[in-house]
Amino acid sequence: MTDEKNVATRDKILNAAERIFLEKGKNGTSMQMIAVEAGVNKAMLFYYFSSKDLLYKAVIKSKFTQMLGNIASVMH
């Protein structure tokens, strides 16, 4: 896969995971639910994120980074 396609797939998974985590909570969410929402198979999901915990942390980190960027833009 190209780097561009890898980034697009990873982003698609992160966005799907965010939606499902918000709706169902971490404990109510399965990797299968995320795979279906993202339109990828579970093997592809596990290629990018080897566990639900790592995926959850990636979602939190992504949102936190976005929030810091927004704060920085307001401060300048």
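Up top is the structure these notes are about.
Because the structure is a prediction, the values reported are computed rather than measured. (Residues numbered from 1 in each chain as written. Predicted model: local features only at pLDDT ≥ 70, side-chain atom pairs only at ≥ 80, totals over all residues. Heavy atoms only, no water.)

Asker: Would you mind going over the nonpolar core in detail, with residue names and values included?
Answerer: Counting residues in hydrophobic clusters, the biggest one holds 17 residues, and the most contacted among them are Ile13, Ile34, Leu45, Phe49 and Leu55. Elements that contribute at least two residues to this core include exactly α1 (3–24), α2 (31–38), α3 (42–48) and α4 (52–75). With six residues, α1 is the largest single contributor of residues to this core. Among all residues touching Ile34, those that are not within four sequence positions of it are Ile13, Ala16, Ala17, Ile20, Phe21, Thr29, Leu45 and Leu55. (Core = buried A, V, L, I, M, F, W, Y, C linked by side-chain atoms within 4.5 Å. Buried < 20%, exposed > 50% of the residue type's maximum accessible area, 1.4 Å probe, protein only. Helix = DSSP H or I, 4+ residues; strand = E, 2+ residues; numbered from the N terminus. Contact = heavy atoms within 4.5 Å.)

Asker: I'd love a proper account of the packing of α1 against α2, names of residues and values included.
Answerer: Closest axis-to-axis distance for the α1/α2 pair is 8 Å, and the angle between their directions is 125°. Judged on the interaxial angle alone, α2 and α1 are oblique. In this structure, α1 crosses over α2, and the sense of that crossing is right-handed. Contact residues: α1 offers Lys12, Ile13, Ala16, Ala17, Arg19, Ile20 and Phe21, while α2 offers Met33, Ile34, Glu37 and Ala38. Grouping the amino acids of the contact of α1 with α2 by side-chain chemistry returns eight nonpolar, no polar and three charged. (Axes fitted to C-alpha atoms, helices over the stretch in contact; angles between N-to-C directions. Parallel < 35°, antiparallel > 145°, perpendicular 65-115°, else oblique. Left-handed = near helix turned anticlockwise from the far one by under 90°. Nonpolar A, V, L, I, M, F, W, Y, C, P; charged D, E, K, R; others polar.)

Asker: I'd like a rundown of the side chain of Asn6, residues and numbers included.
Answerer: Its location among the elements puts Asn6 in helix α1. At 2.9 Å, the side chain of Asn6 forms a polar contact with the side chain of Tyr48. (Polar contact = N/O pair within 3.5 Å; in protein donor to acceptor, adjacent residues only side chain to side chain.)

Asker: Residue-level account of a nonpolar patch on the surface, with values.
Answerer: On the surface, a cluster of nonpolar side chains totalling about 630 Å² of accessible area is made up of Phe64, Met67, Leu68, Ile71, Val74 and Met75. Relative to the helices and strands, Met67 is located in helix α4. (Patch = residues over 30% accessible without salt bridge, like charges linked within 9 Å, V, L, I, M, F, W, Y side chains within 5 Å. Areas by Shrake-Rupley, 256 points an atom, 1.4 Å probe, with all protein chains shown as cover. Salt bridge = Lys/Arg side-chain N within 4 Å of Asp/Glu carboxyl O.)

Asker: Which residues make up the pattern of salt bridges, and what values go with them?
Answerer: For the structure on display, the rule yields four salt bridges. The salt bridge involving Lys63 is made with Glu18; its shortest N-O contact spans 3.6 Å. Within this pair, whereas Lys63 is found in helix α4, its partner Glu18 is found in helix α1, the two being separated by 45 residues in sequence. Residue classification places Lys63 among the partly exposed residues on the basis of a relative accessible area of 32%. We note a salt bridge from Lys26 to Asp53, for which the minimum N-O separation is 2.6 Å.

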